[in-house]
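Examining the three-dimensional arrangement
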Amino acid sequence: MQITHTMKRATLVGALLAATSAWLVPAVSSAGAATGPTLVVYSAQGYDKAAVAAFNATHPGFSVTLNDNSTGPLLQQIQAEGHNPKWGVLWVDGATAFAALDRQGYLAKGIVPKANFNAVGKANIPADGSYVPTGLTATGALVYDSAQISAAQLPKTWAQLTAAKYKGMVGMNDPTQSGPTYPLIAGLMNYLGHYSKGSTAAAVKAGEAFLTKLKANGLVINATNGPTIGAIQSHTIKMAIIQSSAGYGQELTTLPSLRVAYLNPAIALPGVVGIDGLMPKTVRAEAQKFVNWLLSPAGQHAMQTGDPQGDSLFWPVLNGEKPANKVLPPLSSVPMMTINPYVWGPLENTVNTWFTNNINNG
Amino acid sequence: MTTVEVAEAPSRRLRVPWSGGVLWVILGLLIVAPVLSFLLLATSPRLFGQGRELFTLRYVSQALSGVTGQGVFNSLWVSLVVAVTSVTMATTLAWLIQRTNIYGRRLWPMLMWLLFLVPTWMMTLSWVDVLQPYGSASALGLSTRWLYGEFLGPFGIIVVLTIASLPFAYFVVSAGLLGLGSEYEDAARIHGAGRAGTLRTVLPMVAPALLSAFAISFAETMSDFGVPFTLAYHSHFPMATYTLFASISNYPANFSVAAVIALVLILTTIPPIVLQARVTRRRSYAIISGRAREVRRREFSRLARVVVSASVALVFVIGLGVPIAGAVLGSFMRNLGIFSSGPLHLSSVYYHQVFAPSIVGKGLSAPLLLSNQIALVAATATAALAFVFARRLMSRSAGWSQRLTDVLLVGSVAVPGVVLGVGYVFFYNLSFITNHVINLYKTLPLLVLALVATSLPGQTRFLAGPVSQIQPSLSEAARVHGAPRWRAWRTTTLPLISRVMLWGWLLTFAKTIAELPISQILYPPSQEPLSVTIQAYLGNFQLGTGTAMTVVGLVEIFGVIFVALGLYRVVTPRGWQRIGWSGVGA
């Protein structure tokens, strides 16, 4: 009896081990499958999975894989990988990181496809062609709850945001956690300091003074768009200066009374793609195909349908392409300003540290 | 006889360095080399191309001043308070559950395990869901604004971190108490000791367990990222792991400042470990033997029994009941956190989106399967390695090598996941390694290695208590009666540790599935684990879908636990299920 019981148990254990091993085979085999050159896209775009899947479906023979993450972790990885990179294409919102990568010699130059760019698209193409805009949103859009405050009651200029009547009503994101927020701050510094060229010191001071006043007026800071919009939803604040697509997305889903207005100027935030210049030629050639495809009608369609309540709510940078949803106003009606990423990119760490010490924890 | 002794001695001398060497290589590749690669940047950013200086101290002063310095200070005092509080609470709970007649003595340890499995970020976010204006509590007609204000501050931070540290401290202390038969208390009382005197006699016997619990609670709190990233951040109360994260989340990242903060986190764990090591090695604490006796329980009066049981229940309501109920309710609420004078608006739309998402290609099925496969491998490897390291740590004839291992393992508990993850990039993506040794970067095996590395230190400390209490005489007796080494281990040690190994395995399994920072950095392209997918929704202002995904993930984890416990009952001999410590069924 004892022997039979032991044998049964041994059989059961054997069967379990066999089943477990069979279950693990896919994971183990997929780990070993990555041989030869592959194109890895590092992306923070909500529609990136849809775009990569559509590209792979129409381009057999060279599979594109995706590292889908927030902008911060992606740039961390690129910096840590240094001169032994694994990324082939970087695709995130905002051009400041691309300008820094270009200065360090990481980006392939002259990658801009022959596409029919509109004026805003052209304004966001660098002279050396080291990165390409694929779409456009605005950072510093004034997202407000029309159930709490009417359009007529909104401030009309950036300076009016610091007025006593808006005390405790305004929110924004933390630039150390929210990718689009540093370009907003840089844009404000550029605008308020009347920067055109040369030293940025005066512009930085003007921006810091404005943010300090805003803080004294009860500015509410949250990490990212989600909690900032949450603060509007719970009536903790009435409006926030955040990315336009976040406002439109929530208007379409959880908070229909949400609206998006624009102070003059709003800061242009292009979705940007760049190619790793240190990759082998074959990989770079495939990367170029991918970039070209993104600016084709098929690529634009994948981008506009991949995340319909989020990142897909952008303005195309190509003539002839229309936004995915009518909730977006005509681009011509938005007073958009473009900052020079080569000037403002290198200041990101310094400005963000100042913000952390003086605005967020001051 | 003499011939035999002479023949055995040299072989033992040869065997020990060999096995020790292998363990050092494993430790080196898993933890030491990657973490060291990161820490070296504190003074030598040029080594990994992160700056021009070959040696500088400027990042030290930068890291210890301003908000980052404040973060280090806050983490230190909060961790100290949390460690003391959680060990005190754990000791009280262990005594109540094991040595008194309170109600639910089989239930509480089970709940303690569940508490162990809940990540701190989830506990925090769920509490916020409950307490926030127009949150779950408000929807049920409860006004919680005052409590929300208190929760967002040091008070809430200490409460959550204490509850998060409680399970580990409880299991370590309860393992110590279990081996302590009532005869020791009786002996003290017979010799005239009062209650305080008995306590003074008995507590030192579980000193290794108390100190181990203190050291790990302190280190775990120092390295926790969930609370600093959520609760502490919103309270404008900077803590070290958050300032570390913030210093490398800009571009260009300041890895050197982050390295200094990481170094401080690791160094602060050394004093408690050294203290514990000194106490443990001064004398033997092995109290489990073939003659362990039944414990006698203190009988409370009916009223006292109800009051004490309710107090214990309150701990689990705070730590487990409210967060789980909050997450579940929140995942069904369409108007969670939205100003409304209307009724609760319930909907299952977020659960529909879990597998049919609004973002193309971002469903939960494939990530859930992949995370289970990864967790299965990582948990099994961790359990095996942790047992070997625990035996080594608890050896009474420990030399400098074991002591160094001890310091390294507990120091590693204080290493935040993001440091380990970036350290893996630095080390395993070195040109020399990828071109001449092995090219593992951005593959699943490397992700699994890193996940084993992050679980191994805690798991080792977890097993150290039970392993230290098994008297060598048990296996020696088996050997004397002719059993070969493997059979002696299988018939004496394995039965005693099988249950704790099973629970340890489940713990690593659950923590691996919930782990975010390492997975985010090291996951192979197009093979997204569960935690990364959920984070994409939570960070992409799709809180409802993210919360529903979290709930589905938790249900799946609890399902695996249920199945694993059922299999254990079927597969193992009955005797194994009755002996040894597992924290459950005291």
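Residues numbered from 1 in each chain as written. Chains lettered and ligands numbered in written order. Predicted model: local features only at pLDDT ≥ 70, side-chain atom pairs only at ≥ 80, totals over all residues.

Our focus in this paragraph is the overall build of chain B. In terms of regular secondary structure, chain B is built from 27 helices and zero strands. Relative to the globule expectation of 25 Å for 586 residues, the C-alpha radius of gyration of chain B, 25 Å, shows essentially globular dimensions. Dimensions of chain B, computed from C-alpha atoms along their principal axes, come out at roughly 80 × 70 × 45 Å. Taking all 586 residues of chain B together, the buried fraction comes to 52%. Contacts spanning at least 24 positions in sequence make up 80% of the contacts within chain B whose residues lie at least 6 apart. (Helix = DSSP H or I, 4+ residues; strand = E, 2+ residues; numbered from the N terminus. Rg over C-alpha atoms; globule rule 2.2 N^0.38 Å. Buried ≥ 20, exposed ≤ 12 C-beta atoms within 10 Å, placed from the backbone. Contact = placed C-beta atoms within 7 Å.)

Attention shifts here to the pairing of strand 4 (residues 131–145) of chain A. All names here are of chain A. The buried fraction of strand 4 amounts to 15 of the 15 residues, a majority that puts the element mostly inside the structure. Alignment of strand 4 against strand 9 (residues 266–275), held across eight bridges, turns out to be antiparallel. Note on strand 9: the bridge partner recorded for G135 is G271. Alignment of strand 4 against strand 7 (residues 239–243), held across five bridges, turns out to be antiparallel. Across the sheet, the residue bridging to L142 is I241, located in strand 7. (Pairing = 2+ DSSP bridges.)

With that settled, the discussion passes to the environment of V260(A). Residues and elements named next belong to chain A. Along the chain, the position of V260 falls in strand 8 (residues 258–261). For the pair V260 and A141, spaced 119 residues apart in the sequence, the C-alpha separation amounts to 6.5 Å. Contacts of V260, omitting those with residues within four sequence positions, involve A141, V143, S244, G247 and Y248.

V89(A), V173(B), A213(B), I261(B), A262(B) and A450(B) are the most contacted members of the largest nonpolar core, which has 214 residues in total. Element by element, the count of residues in this core is highest for helix 8 (residues 154–178) of chain B, at 15 residues. Discounting chain neighbours no more than four positions away, the residues touching V89(A) are L39(A), V41(A), Y42(A), V273(A), I275(A), A287(A) and F290(A). In terms of nonpolar packing, the next biggest core, distinct from the first, is built from 63 residues, M189(A), V260(A), I267(A) and I339(A) among them. (Core = buried A, V, L, I, M, F, W, Y, C linked by C-beta atoms within 7 Å.)

Attention now goes to the interface of chain B and chain A. How big an interface is tends to be expressed through the accessible area that disappears when the partners come together. In this assembly, 55 residues from chain B lie in contact with 65 residues from chain A. When residues of the side of chain B that touches chain A are traced back to their parent elements, those giving at least two are helix 3 (66–99), helix 18 (365–393), helix 20 (417–428), helix 21 (431–437), helix 22 (444–468), helix 25 (517–522) and helix 27 (543–571) of chain B. Ranked by residue count, the leading element in the side of chain B that touches chain A is helix 18 of chain B, at five residues. Split into classes, the residues belonging to the side of chain B that touches chain A amount to 32 nonpolar, 20 polar and three charged. (Nonpolar A, V, L, I, M, F, W, Y, C, P; charged D, E, K, R; others polar.)

Moving on to the domain arrangement of chain A. All names here are of chain A. The domain architecture assigned to chain A consists of domain 1 (39–136 + 269–330) and domain 2 (138–267 + 343–360). Inter-centroid distance (C-alpha atoms) of domain 1 to domain 2 is 26 Å. Across the contact, 17 residues belong to domain 1 and 18 residues belong to domain 2. Elements supplying a minimum of two residues to the side of domain 1 that touches domain 2: strand 3 (89–93) and helix 4 (96–103). Take the side of domain 1 that touches domain 2: its biggest share by element is four residues, from helix 4. The residue inventory of the side of domain 1 that touches domain 2, partitioned by class, reads ten nonpolar, five polar and two charged. (Domains from an automatic or database assignment.)

We now examine the confidence of the model for chain A. Residues and elements named next belong to chain A. Per-chain confidence: chain A averages 91 in pLDDT, with 91% of residues scoring 70 or above. When mean pLDDT is compared element by element in chain A, helix 7 (residues 201–216) scores highest at 98, while helix 1 (residues 2–32) scores lowest at 62. Confidence drops under pLDDT 50 across residues 31–35; counting only partners more than four residues distant or on other chains, this segment forms four contacts. (pLDDT = per-residue confidence, 0-100.)

A rise of 1.5 Å per residue sets the reference length of helix 8 of chain B, with its 25 residues, at 36 Å; its end C-alpha atoms lie 35 Å apart and thus fit the reference within 8%. Its maximal kink placed at L166(B), helix 8 of chain B deviates by approximately 35°, while the proline P167(B) follows within four residues. (Expected span 1.5 Å × (residues − 1). Bend = angle between axes of the 7 residues up to and from the residue.)

On to the packing of helix 3 (residues 71–81) of chain A against helix 20 of chain B, then. Direction vectors running N to C along helix 3 of chain A and helix 20 of chain B enclose 30°, while the axes themselves pass 9 Å from each other. Along this stretch, helix 3 of chain A crosses helix 20 of chain B, giving a crossing that reads as right-handed. Residues Q76(A), Q77(A), A80(A) and E81(A) of helix 3 of chain A lie in contact with helix 20 of chain B, whose contacting residues are V422(B), V425(B) and F426(B). A class-by-class count of the residues in the contact of helix 3 of chain A with helix 20 of chain B yields four nonpolar, two polar and one charged. (Axes fitted to C-alpha atoms, helices over the stretch in contact; angles between N-to-C directions. Left-handed = near helix turned anticlockwise from the far one by under 90°.)

All names here are of chain A. Tracing the sequence through the fold places G193 in the loop between helix 6 (181–192) and helix 7. C-alpha separation for the pair G193 and K205, spaced twelve residues apart in sequence, amounts to 7.7 Å. Other than its neighbours up to four places away in sequence, G193 contacts A202, A203, A206 and G207.

All names here are of chain B. By secondary structure assignment, the location of Q577 is in the segment after helix 27. Spatially, the C-alpha atoms of Q577 and N429 are 46 Å apart, while their sequence positions differ by 148 residues. The contact partners of Q577, leaving out residues within four places of it in the chain, are R569 and T572.

Our next topic: the packing of helix 18 of chain B against helix 24 (residues 485–514) of chain B. Residues and elements named next belong to chain B. The N-to-C vectors of helix 18 and helix 24 enclose an angle of 140°; their axes lie 8 Å apart at closest approach. When the interaxial angle is binned, helix 18 and helix 24 end up oblique. Judged by the sense of rotation from one axis to the other, the crossing of helix 18 with helix 24 is right-handed. Here helix 18 contributes S371, I374, A375, A378, A379, T380, T382, A383, A386 and F387 to the contact with helix 24, which in turn contributes M501, G504, W505, T508, F509, T512 and I513. In terms of residue class, the contact of helix 18 with helix 24 is built from eleven nonpolar, six polar and no charged. (Parallel < 35°, antiparallel > 145°, perpendicular 65-115°, else oblique.)

All names here are of chain A. Here strand 5 (residues 170–173) shows a buried face lined by V170 and M172 and a second buried face lined by G171 and N173. Judged from the three bridges that link them, strand 5 and strand 7 form a sheet pairing that is parallel. Of the residues in strand 7, the one forming a bridge with G171 is A240. In this sheet, strand 6 (residues 220–222) lies alongside strand 5 in parallel orientation, the contact comprising three bridges. By the bridge assignment for strand 6, M172 is matched with I221.

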